[in-house]
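Breakdown of the fold
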There are 2 protein chains.
Amino acid sequence: MSRLADEVFRAIADPTRRRMLAILEKEELPLKRIEARFRMSRPAVIKHMRVLKSCRLVQVRRQGRQMMHRLNPQPLAAVRDWVAAFDRFWDTHMARLKQQVESDK
Amino acid sequence: MSRLADEVFRAIADPTRRRMLAILEKEELPLKRIEARFRMSRPAVIKHMRVLKSCRLVQVRRQGRQMMHRLNPQPLAAVRDWVAAFDRFWDTHMARLKQQVESDK
DNA sequence: TTGACAAGTAACCAATTGGTTACTTATAGT
DNA sequence: ACTATAAGTAACCAATTGGTTACTTGTCAA
C-alpha cells in the first residue's frame, strides 16, 4: 500500500479532521472561519490542516491575507477501493451461506 | 458519528491492522498462524487483535486450545458510507465544472 | 509607514500508541 | 498427574499525537 494511502487512513482516523472535511464539503473557507467552528486554539487547527494538506485532502490558495481551504476528495478513492475489496468478501460469504441453506432443504 | 464508527476509523488507521484484516479475508485463522506472519511479539499481535475485536471487525471462537479468528467486514459499512458522501460532492463539483465549461462555449 | 488582522512557528506538555520481555493461565494428550 | 503448547496479562518504554501559550511573519488599508 502506497505511502500516500497510509497517510489518508491516518488523516481520517481523527474525528476532528473528519469534521473539518465535512465542513469543507459545503464550501471553501479561510482558516479563521474554520477555526471559529472548533473549540481549540488556532495552532491546533493549523496542525490538523497540515495533516489534511500533506495527503492532498485539502488544497489551499491565497486570497489577500486569507488562506482559502478547499476539499479535494480524490485521495479518498484509496479508502473507497480498500473497503470495496471487503464488500466482495462479504458477498462471497453470503453466497456460501445461501448455498449451505439451499443444500439443507 | 457513533462511538463504534470512531473506533473502526481508528482501527484501520494502522497498516499492520489493515494487513491483518487482509489476511483474515482469505481464511479463518488461529492466533499463532496470524502471529507467524508478522515480525513482532505475540503480545503486540494480541493488542492489535484486541483493537480489531473491540470494534467487531474480527470475531473469535474457541476451538480446543486455539482461538479461531475470523473477519467480520460489516463495521466497514460505516467507512464505506462516510466516503460515499464525498463521492456525491465530487460528482456535484464535476457537474459544476462541466456547466462552467459549457457556458464558456 | 503604521496599525490591525490573518496565518503560522516554537517550545513545551500530558496522554496515547505500538512495541518489548517476563510471567501466567488454560487446554490437550500421554 | 505431567508436559507441551496456545493464548493472554503485567509492567515497562520510546515515539507519536493532539493540545497549549507566547511570539513572529505577511498583507492590506488608512
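Throughout what follows, the structure given in this document is the object of discussion. If you're wondering where the values come from, they're calculated on a predicted model, not measured in any experiment.

**Comments concerning the interface of chain A and chain B**
On the chain B side, the residues contacting the 17 residues of chain A number 17 residues. At the level of secondary structure, the elements contributing two or more residues to the side of chain A that touches chain B comprise α1 (3–11), α2 (15–26) and α5 (76–103) of chain A. Looking at side-chain class alone, the side of chain A that touches chain B contains 13 nonpolar, no polar and 4 charged residues.

**Concerning the protein's contact with DNA strand C**
Contacts to DNA strand C come from 20 residues, most closely from Leu31 and Lys32 of chain A together with Ser41, Pro43 and Ala44 of chain B. Elements represented by at least two residues in the surface near DNA strand C include exactly α3 (31–35), α4 (42–54) and β3 (66–71) of chain A together with α4 (42–54) of chain B. Tallied by class, residues from the surface near DNA strand C come to 8 nonpolar, 5 polar and 7 charged.

**What to know about the sheet that holds strand β1 (residues 29–30) of chain A**
Residue and element names in this part refer to chain A. One open sheet accounts for 3 strands, arranged β1-β3-β2; its pairing is antiparallel. Bordering the open sheet on either side are β1 and β2 (58–63), each of which pairs with just one other strand. With 6 bridges connecting them, β2 and β3 associate as antiparallel partners. Counterpart to Arg62 in the pairing with β3 is Met67.

Definitions and cut-offs
Residues numbered from 1 in each chain as written. Chains lettered and ligands numbered in written order. Predicted model: local features only at pLDDT ≥ 70, side-chain atom pairs only at ≥ 80, totals over all residues. Contact = placed C-beta atoms within 7 Å. Helix = DSSP H or I, 4+ residues; strand = E, 2+ residues; numbered from the N terminus. Nonpolar A, V, L, I, M, F, W, Y, C, P; charged D, E, K, R; others polar. Near = placed C-beta within 6 Å. Pairing = 2+ DSSP bridges.

Structural measurements only, silent on function.
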